[in-house]
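Chain residues, written in single-letter form:
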Amino acid sequence: DELRPEVLLLPSLSEPHPDHQAVALAGLAAAQRTEFVQTLLFYEVGAPLHPNTVVDITAVADRKC
């Protein structure tokens, strides 16, 4: 609530690793308890997904690296 995020990035729910699944479920539960999160984006870690959204991170790419 302190940061008021609008977008939450989570590992895919289809991830085979139990830790990744736990993080995804915890993130979903946290998002449901706040009014700020408007968008959930799931990413792959170990299980391939078929992307349906691309986010342009050009403005923060150097910081990410």
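Residues numbered from 1 in each chain as written. Predicted model: local features only at pLDDT ≥ 70, side-chain atom pairs only at ≥ 80, totals over all residues. Heavy atoms only, no water.

### Observations concerning the side chain of Ser 12
Relative to the assigned elements, Ser 12 resides in the loop between β1 (7-11) and α1 (18-32). Accessibility expressed as a relative area gives 6% for Ser 12, which makes it buried. In this structure the side chain of Ser 12 is engaged in a polar contact, spanning 2.8 Å, whose partner is the side chain of Ser 14. When neighbours within four sequence positions are excluded, Ser 12 is seen to be in contact with Ala 24, Phe 42, Tyr 43 and Leu 49. (Helix = DSSP H or I, 4+ residues; strand = E, 2+ residues; numbered from the N terminus. Buried < 20%, exposed > 50% of the residue type's maximum accessible area, 1.4 Å probe, protein only. Polar contact = N/O pair within 3.5 Å; in protein donor to acceptor, adjacent residues only side chain to side chain. Contact = heavy atoms within 4.5 Å.)

### Re α1
For α1, spanning 15 residues, the distance from its first C-alpha to its last is 21 Å, which sits close to the expected 21 Å at 1.5 Å a residue. Restricting attention to buried positions, one finds in α1 the residues Ala 24, Gly 27 and Ala 31. Across the axial projection of α1, the buried residues extend over an arc of 65°, all falling on one side. Across from the buried face of α1, at angles greater than 90 degrees, the exposed residues are Pro 18, Leu 25 and Gln 32. Those residues of α1 that are buried lie in contact with β1 and β2 (39-43). (Expected span 1.5 Å × (residues − 1). Arc of directions from axis to C-beta.)

### Re the environment of Ala 30
Within the fold, Ala 30 resides in helix α1. Judged by relative accessible area, which is 32%, Ala 30 ranks as partly exposed. C-alpha separation for the pair Ala 30 and Thr 58, spaced 28 residues apart in sequence, amounts to 28 Å.

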